[in-house]
Amino acid sequence: MSRALPALVGACLVAAAASAAPPPLLPPAQLLQPLQESWPTYTGDYTGARYSALRQLDRTNVAHLSLAWTLRLNAEVRDGKSRNPYAPPSEIITSVGGEGRGDYAIPPPALKGAVLEVEGVLYVTSPDNAWAFDARTGAELWHYFWKTRGGTHIASRGPALWNSSLFFETPDDYLVSLNARTGHENWHVRIADFADEYFSTMAPVVVGNHLLVGTGNDGDAPGFLQSFDPASGALQWKRYMVPMSASDPALKTWPSLDAARHGGGNVWMPGSYDPQTDLYITGTGNPTPGYTGIARPGDNLYTCSLVAVRVATGEIAWYYQTSPHDTHDWDSAQTPILIDGTIGGKPRKLVATAARNGYFFTLDRVTGEHLVTYKYGTTANWSRGIKANGQPDPDPEKSATVPGSLVSPFEGGVTNYQAPAYNPDTGLFYTHESTGFNILYLTDTDPRGSMGLGGKRFAIVGFVDNAFQAIDYRTGKPAWRHVWPGSGGTGTGVLTTAGGLVFTGDTNGNFVAMDAATGALLWHSGIGNLSAPPETYSLDGHQYVLAGVGDVLYAFVLN
Amino acid sequence: MRKSSAWGIAAALLALAPLPAAFGQSATTGPTAPAPVSIFGQATFPAKQRPAGNPELVERGQALFGINCKACHGGDLRGGDLGGPNLLRSALVLGDQDGEAIIPVVRQGRPASQGGPPMPALPLPVSDVQAIVEYIHSVLARKQNQGGPPPLEAKPLNILVGNAARGQQYFAGHCRSCHAAEGDLKGIATRAGSAANLQDSWVAGRAVAPPGSTPAPVPTGVKVTLSSGETLQGTLKRIDDFTVSLTLADGQYRSFTRQGPQAVRAVQIEDPLAPHRQLLTRYTDADMHDVTAYLETLK
């Protein structure tokens, strides 16, 4: 008896230890599965296609889609007390971290990236904030607030999950790891030099035991992609996207090492990952100074390119520059989409991108071989044609000039951060198409060029007919093109499903569902212009569809 | 070679000078700054968060910079004739807090790197280098958002490069069906105030308004044929794939569905700006500059 008691206590301790360490929320191997019930990454899965295998919603019933719940992001540090007198009593746990003073006026929270859904919980970020919500009700579970040192608070593109850790980047250049169950901080590490005007918005990407992290910069600083250990935050490798040493073969595309080392090429949107080749394929940003190419004659590698990086080492396996010597701030950072398709009757492993500059490209994703270029931006006028290697040939006359050059697309591009989608059932790649024009004036004629995005002024002078396109990846030509009535508007990201549907936002404040094959409009809800791309997940036999508008997240189901 | 010996003499002379009274003024010893405000999408980076330096020290630093640094780094710090790098985008300079990064480079020099020339050692007294550091930080603080350099001195750039006679011809061929030089466009150049504002306005097809102000939108006409066959005409308020709304001549607001059995039969838009939008795809830059030069004559 006296000996049995300690044994019993011991058994209780073992049980307590087991319940203190529940199974991981998202083992990284699970990310290799096709996208079905959950939405575990920025684009759902590694292909970047934003294609869900869910088919409860289809062409026949989507007209009956209706509201399940809404939630509003609240960035107040509440310590369990809501300041909204109409809100029910709340026991929200709020954790606070960060190395700043915590007294900056930051913009109100906004949904501008991924909402992750795993095991019935939604994970959401906005600059300096992360939250968890119940995916069945929208009820808040925890809130984490980061005291910033400053920086450009333009967006957070969302978090990433690895086992039970949630990661997000901050505008003042930290990578923060939280306990996804409690919102308490595990650790944070610096990922870029804040003094050098980097700001970080990207949703990190988990590949096995690598956490891929990009940053942004509007000044003259080199862009890079980094890999961190998701357990400890230790740096595994850092891959610059411009030459940083005299021995770099890409240096011949720059006038000097100094120009290259201040040449931009930032990695600020999540890329796609091919497990078969272990290649992470990412787009890169514009060269800098952005508008005064006189400072950097040459193609300026690896800016405005698709770059395939070996995840184990950070080496560049291949690259293809979609915008040689850009002079319009048209990043090629758009998330590329991996397609297992057919070109010329032969099965091919492909990667496709619709670039901000108005050109659509299909490449072989194993070798980087160029296969297709098509000018999907119907009004794009800045290129003299397509070179033998498939690259658009920039017309120097369409850079900024003192008397003004009339350029399309406008500064924002034909598309930009808006996430495209691809549906393997239709073979179509879906993207917004902006048809804006601006007059681009050179305001700094200094022969050294300007700095950052300075030295220019642009005047937006109109949009021809902004549209939504369904592009055949084999040719780049649209199978259909739907013009949004009215003019202007930025368009939004896209979701497509095995139910034969495409979800997106129009330019007039409607969340819409279309027939993925024909573009026929099947459903809409006037919730406002989407600021975050739509997503879908399934719980309790219900297929939910999410759309973010500013600080409000809407969830729709078949009721 | 000559340069470094000259610097040596200057340094020796300056070393004898007493320290300026303000020596040591810096971010860490200055009064606490008010919390900087971060605006939507605008940068609040360390260079802008720093409290303003002592004006006398900054002024002294500017003079010392002019004597010792300008030839290589430029009077505006953006790089000079002798190949010194742009200091306003230098990671070393941007990361400097209080001279700890800059002072050793100035006093000890630096071997050639990044394809540029070497930096000679300038054996100035620390107090003088500190003044130069304060001056550099004062310029960094004036950088514009999105990495732009400090605002340039206003240097009027001539955007009037077009040929007015060719512009008049183009106008006659493309614009005269809607516009008249002696009618709606009379005095347009005077109203616009500047050639740039004139060009921005006419290409967009909007009324000229002083820069920075919002011109009244050009109304779009619409004719709606209802399911009953009745037609209504008015000014378009809003249209999307699902509804159309308009204001009738008597001020009444009406909206109609474009979907289902109650859908309107037809919507006909009469957008006076449609030709402007179509022309955007056809103008060459020379056409645009020529028409601007012609319109500039309509004072």
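Residues numbered from 1 in each chain as written. Chains lettered and ligands numbered in written order. Predicted model: local features only at pLDDT ≥ 70, side-chain atom pairs only at ≥ 80, totals over all residues.

Chemist: Would you explain the overall build of chain B in this entry?
Modeler: Counting its regular elements, chain B contains twelve helices and five strands. Counting all 299 residues of chain B, 31% fall into the buried class. For chain B, restricting intrachain contacts to residue pairs at least 6 apart in sequence, the fraction spanning at least 24 positions comes to 56%. (Helix = DSSP H or I, 4+ residues; strand = E, 2+ residues; numbered from the N terminus. Buried ≥ 20, exposed ≤ 12 C-beta atoms within 10 Å, placed from the backbone. Contact = placed C-beta atoms within 7 Å.)

Chemist: When you look at the pairing of strand β23 (residues 346–354) of chain A in this model, what are you seeing that I'm missing?
Modeler: Strand residues, when the strand is regular, have side chains that alternate between the two faces of the sheet. All names here are of chain A. Pairing geometry for strand β22 (residues 337–343) and β23, over seven bridges, is antiparallel. Residue pairing for β23: leucine 338 is matched across the bridge by valine 351. Following β22, the chain reverses through two residues before pairing antiparallel with β23; glycine 344 in that reversal takes a positive phi of roughly 60°. (Pairing = 2+ DSSP bridges.)

Chemist: What should I look at first to understand unusual backbone geometry in this one?
Modeler: If a residue is not glycine, its phi is most likely negative; likewise, a peptide bond is most likely trans. All names here are of chain A. In this chain, threonine 288 is followed by proline 289 through a cis amide linkage whose omega measures -5°. Note that proline 289 resides in the loop between β19 (279–283) and β20 (305–310). Positive phi values are uncommon outside glycine, yet asparagine 163 reaches one of about 50°. By the element assignment, asparagine 163 lies in the loop between β8 (160–162) and β9 (165–169). Positive phi, close to 65°, is recorded for asparagine 300, a residue that is not glycine. Residue position: asparagine 300 is located in the loop between β19 and β20. Given 30 C-beta atoms within 10 Å, asparagine 300 falls into the buried group.

Chemist: What should I look at first to understand the nonpolar core in this one?
Modeler: Across soluble globular proteins, you tend to see nonpolar side chains buried next to one another. Membership of the largest hydrophobic core comes to 161 residues, with the highest contact counts inside it found for Val115(A), Tyr123(A), Leu161(A), Phe429(A), Ala513(A), Ile132(B) and Ile136(B). At eight residues, the largest contribution of residues to this core is made by helix α7 (residues 126–140) of chain B. Not counting chain neighbours up to four residues away, the residues in contact with Ala513(A) comprise Val62(A), Leu65(A), Leu501(A), Phe503(A), Leu522(A) and Trp523(A). Membership of the second largest hydrophobic core comes to 36 residues, among which are Val414(A), Cys175(B), Ile188(B) and Ala196(B). (Core = buried A, V, L, I, M, F, W, Y, C linked by C-beta atoms within 7 Å.)

Chemist: Looking at this structure, I do not really get the interface of chain B and chain A. What am I missing?
Modeler: It is common to report an interface's size as the accessible area lost on association of the parts. Opposite the 50 residues of chain B that make contact, chain A presents 55 residues. Elements represented by at least two residues in the side of chain B that touches chain A include exactly α2 (46–49), α5 (91–95), α10 (195–204), α11 (274–280) and α12 (285–295) of chain B. A total of five residues in the side of chain B that touches chain A trace back to one element, the largest contributor, which is α10(B). Classifying every residue of the side of chain B that touches chain A gives 24 nonpolar, 19 polar and seven charged. (Nonpolar A, V, L, I, M, F, W, Y, C, P; charged D, E, K, R; others polar.)

Chemist: Sorry if this is basic, but what is going on with the sheet that holds strand β10 (residues 174–179) of chain A here?
Modeler: Pairing between the strands of a sheet comes from backbone hydrogen bonds, and it takes one of two forms, parallel or antiparallel. Residues and elements named next belong to chain A. The antiparallel open sheet is built from four strands, whose spatial order is β8-β9-β10-β11. Edge positions in the sheet fall to β8 and β11 (185–190), since each has one partner strand and no second. Between one strand axis and the next, the sheet turns through 20° on average, direction left out of account. Looking at chain direction, β8 and β9 are connected through three bridges and run antiparallel. Of the residues in β9, the one forming a bridge with alanine 160 is phenylalanine 167. (Axes fitted to C-alpha atoms, helices over the stretch in contact; angles between N-to-C directions.)

Chemist: Before we go on, may I ask you to explain the sheet that holds β22(A) in this structure?
Modeler: Residue and element names in this part refer to chain A. Pairing is antiparallel in the open sheet, where four strands are placed in the order β22-β23-β24-β25. In the strand order of this sheet, the two ends are held by β22 and β25 (370–374), each with one partner. Within this sheet the neighbouring strands show an average axis-to-axis angle of 30°, counted without direction. When β23 meets strand β24 (residues 360–364), the two strands line up antiparallel, connected through five bridges. From the neighbouring strand, valine 351 faces β24, where its bridge partner is leucine 363.

Chemist: Please clarify how the packing of helix α3 (residues 55–68) of chain B against α7(B) should be interpreted in this entry.
Modeler: A pair of packed helices can be characterised by two numbers: the angle between their axes and the separation between those axes. Residues and elements named next belong to chain B. The contact between α3 and α7 brings their axes to 7 Å, and the two run at 100°. Comparing the axis directions of α3 and α7 gives the class roughly perpendicular. Contacts from Leu57, Val58, Arg60, Gly61, Gln62, Leu64 and Phe65 in α3 reach Asp128, Ala131, Ile132, Glu134, Tyr135 and Ser138 in α7. For the contact of α3 with α7, the per-class residue count stands at seven nonpolar, three polar and three charged. (Parallel < 35°, antiparallel > 145°, perpendicular 65-115°, else oblique.)

Chemist: How should the environment of Gly412(A) be read in this particular structure?
Modeler: Residue and element names in this part refer to chain A. By the element assignment, glycine 412 lies in the loop between β28 (405–407) and β29 (421–423). Sequence-wise, glycine 412 and asparagine 357 are 55 residues apart; in three dimensions their C-alpha atoms are separated by 9.3 Å. For glycine 412, the residues in contact, after removing those within four places along its chain, are Ser434, Gly436 and Thr490.

Chemist: Any chance you could explain α3(B) here in plain terms?
Modeler: Spacing of three or four residues puts side chains on the same side of an α-helix, whose turn is 3.6 residues. Residue and element names in this part refer to chain B. Across its 14 residues, α3 extends 20 Å between first and last C-alpha, which sits within 8% of the 20 Å expected from 1.5 Å per residue. Among the residues of α3, those classed as buried are Leu57, Val58, Arg60, Gly61, Leu64, Phe65 and Asn68. All buried residues of α3 lie within an arc of 160° about the axis, which places them on one face of the element. Of the residues in α3, the exposed ones pointing more than 90 degrees away from the buried face are Pro55 and Gly66. (Expected span 1.5 Å × (residues − 1). Arc of directions from axis to C-beta.)

Chemist: Even after reading the chapter, I still don't get the packing of helix α8 (residues 164–174) of chain B against α12(B), so can you show me in this structure?
Modeler: Residues and elements named next belong to chain B. Between α8 and α12, whose axes approach to 7 Å, the crossing angle comes to 100°. On the basis of their axis angle, the class for α8 and α12 is roughly perpendicular. When α8 is examined against α12, the residues Ala164, Arg166, Gly167, Gln168, Tyr170 and Phe171 are found in contact with a partner set consisting of Asp287, Asp290, Val291, Thr292, Ala293 and Tyr294. Looking at the contact of α8 with α12, its residues break down into six nonpolar, three polar and three charged.

Chemist: Sorry, what's going on with the pairing of β19(A) here?
Modeler: Residues and elements named next belong to chain A. For β19, the buried fraction is high: five of the five residues fall into the buried class. Neither face of β19 is open: one carries Leu279, Ile281 and Gly283, the other Tyr280 and Thr282, and all of them are buried. Across three bridges, the pairing between strand β18 (residues 272–274) and β19 is antiparallel. Each residue of the ladder has a partner; that of tyrosine 273, found in β19, is tyrosine 280. Hairpin connection from β18 to β19: four residues lie between these consecutive antiparallel strands, with aspartate 278 at a positive phi of about 55°. Of the pairings in the sheet, the one linking β19 to β20 comprises five bridges and is antiparallel in character. Following the sheet pairing, tyrosine 280 is matched in β20 by valine 309.

Chemist: For this particular structure, what's the right way to read the confidence of the model for chain A?
Modeler: A low pLDDT score tells you not to read the predicted coordinates there in detail. All names here are of chain A. Confidence in the prediction for chain A averages 93 pLDDT; 93% of positions are at 70 or higher. Contacts for the low-pLDDT stretch residues 1–18, under 50 throughout, to residues beyond four places or in other chains number zero contacts. Note on residues 80–85: pLDDT is under 50 here. Beyond four places in sequence and across chains, it has seven contacts. (pLDDT = per-residue confidence, 0-100.)

Chemist: Help me understand the environment of Leu26(A), please; the structure alone is not making it clear to me.
Modeler: Its location among the elements puts Leu26(A) in the loop between α1 (4–20) and β1 (51–52). As for Leu26(A) and Gly489(A), which are separated by 463 residues in sequence, their C-alpha atoms are 37 Å apart.

Chemist: Would you mind going over the environment of Asp290(B) with me for this structure?
Modeler: Looking at where Asp290(B) falls in the secondary structure, it is placed in helix α12. Residues in contact with Asp290(B), not counting those within four places in the same chain, are Gly162(B), Asn163(B), Arg166(B), Gly167(B) and Tyr170(B).

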